[in-house]
Amino acid sequence: MTVLVEKHPGYRQITLNRPDRLNALNAAMHGALVAALAEAEADPECRAILVTGAGRGFCAGQDLGDVAVKDDGPPDLKEVLERYNTLVRKLRGLAMPVVCAVNGVAAGAGANLALACDIVLAAKSANFIQAFARIGLIPDCGGTWFLPRLVGTARARALAMLAEPLPAATAAEWGLIWQMVEDDRLIAEAQALAARLATQATTALALMKRALDAAATNPLDRQLDLERDLQAEAGASPDHREGVRAFLDKRPPAFTGRRR
Ligand code: T3D
């Protein structure tokens, strides 16, 4: 099994599972990952997802043995890239939060797969490498979009062009990720975070994802209109009513995550 799925109360843990290849993504693993995300999305009990890797690496990006490099012409990378695009669109479009626990090296598309998730934790020993330049490619899997937005263009350019490992501590300091965690605490912390998110107002969290992604390209005027429209949806959710009632009753809210 290239991808392992564990069901926990309220969330699913999806583990990339080719540890001998540092969880490099081949076609089979892409298919299994997208299918696991789609199954999680279809499960009404699932209100958050946790993605991590088996073994000492998180994900070493594209499995370089899975793409034929020809002597007589360019390899056909468009099909490979379509898979990454599908994956990134799926993660960003999921109507629930996605936590990523980067347990070791995250290289190439593996680094950008992590950045496509909503909240990224990384083990102290982990690092992020935009490895593409080392093999004559540009950052893909959303890398050219995520990097400048997360760390600014100066750092994005150097990360992309130099392809040097960025330690988890610096990634957290620069705002590339949410937090660095001691190695032996990573999974427990990530699971606690996913479990906590699974008890929150899921509809509002899903709408936040849409608003924050749209903000990356919208002018303020359009973003204000979008906030108005999405807030109307959030305000119509049972969890909004419950949140206000709980506040007035001075008790913790019991959110259901139901849309209506
Ligand atoms: O090209 C296209 O198809 C287009 C798509 C592009 C998307 C991309 O992701 S391009 C970038 C692809 N990824 C890389 O270039 C990273 C390649 N890997 C590395 O540079 C290093 O493995 C790491 C820096 C990530 C880790 O180094 P280290 O020294 O900790 O481990 P290692 O010994 O290099 O790797 C362990 C094993 O995993 C090793 O196999 P072996 O010798 O034990 O049999 C290594 O070959 C294998 N492995 C690591 N990364 C990949 C891989 N096998 C296939 N594909 C990999 N990407």
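Values in this document were obtained by computation on a predicted structure and should not be read as measured data.

Chemist: Before we go on, may I ask you to explain the sheet that holds strand β8 (residues 127–129) in this structure?
Modeler: Through backbone hydrogen bonds, the strands of a sheet pair up, either in parallel or in antiparallel fashion. Taken together, four strands build an open sheet; the order of strands is β4-β6-β8-β9 and the sheet is mixed. Either end of the sheet is taken by a strand with one partner, and the two such strands are β4 (57–59) and β9 (166–167). With two bridges connecting them, strand β6 (residues 105–107) and β8 associate as parallel partners. Of the residues in β8, the one forming a bridge with Ala-107 is Ile-129.

Chemist: Looking at this structure, I do not really get the nonpolar core. What am I missing?
Modeler: A general trend in soluble globular proteins is that nonpolar side chains are found buried together. Core analysis: the biggest nonpolar cluster contains 63 residues, and Ile-49, Phe-58, Val-102, Phe-128 and Leu-176 have the highest contact counts within it. Here Ile-49 is in contact with Arg-12, Ile-14, Leu-37, Ala-40, Leu-94, Met-96, Pro-97, Val-98 and Val-99, once residues within four sequence places are set aside. Counting residues in each nonpolar core, the second largest holds five residues, with Leu-22, Val-105, Ile-129 and Ala-131 among its members.

Chemist: I keep staring at the packing of helix α8 (residues 202–215) against helix α9 (residues 220–235) and nothing clicks. Help me out?
Modeler: Pairs of packed helices are described in terms of their axes, by the angle between the two and the distance that separates them. Put simply, α8 and α9 touch, their axes get as near as 10 Å, and they point 175° apart. The orientation of α8 with respect to α9, classified from their angle, is roughly antiparallel. For the pair α8 and α9, the contacting residues are Leu-207, Arg-210, Ala-211, Ala-214 and Ala-215 in the first and Gln-223, Leu-226, Leu-230, Glu-233 and Ala-234 in the second. Taken together, the residues that form the contact of α8 with α9 break down as seven nonpolar, one polar and two charged.

Rules and cut-offs
Along each chain, residue indices are assigned from 1 in the same order as the chain's sequence is written. Where local features are concerned, this predicted model is filtered to residues with pLDDT of at least 70; where side-chain atom pairs are given and counted, the filter is 80 or more; whole-chain, interface and lining totals use all residues. Working from all heavy atoms in the structure, the side-chain values ignore hydrogens and water. A pair of strands is considered paired only if DSSP assigns at least 2 bridges between the two. For helices the rule is a DSSP run of H or I covering at least 4 residues; for strands it is a run of E covering at least 2, with both sets numbered from the N terminus onward. Joining through side-chain atoms within 4.5 Å is the link that ties buried Ala, Val, Leu, Ile, Met, Phe, Trp, Tyr and Cys residues into a set, and such a set is a nonpolar core. Each residue is assigned to one of three classes by its accessible area relative to the maximum for its type, calculated with a 1.4 Å probe on protein chains only: buried under 20%, partly exposed between the two thresholds, exposed over 50%. The contact criterion used throughout is that any non-hydrogen atoms of two residues lie within 4.5 Å. Angles shown run from 0 to 180 degrees and are taken between the N-to-C directions of axes, each axis being a line fitted to C-alpha atoms and, for helices, limited to the stretch in contact. The scheme is simple: roughly parallel for angles under 35 degrees, roughly antiparallel for over 145, roughly perpendicular for 65 to 115, oblique for anything else. When residues are sorted by character, Ala, Val, Leu, Ile, Met, Phe, Trp, Tyr, Cys and Pro go into the nonpolar class, Asp, Glu, Lys and Arg into the charged class, and all the rest, Gly among them, into the polar class.

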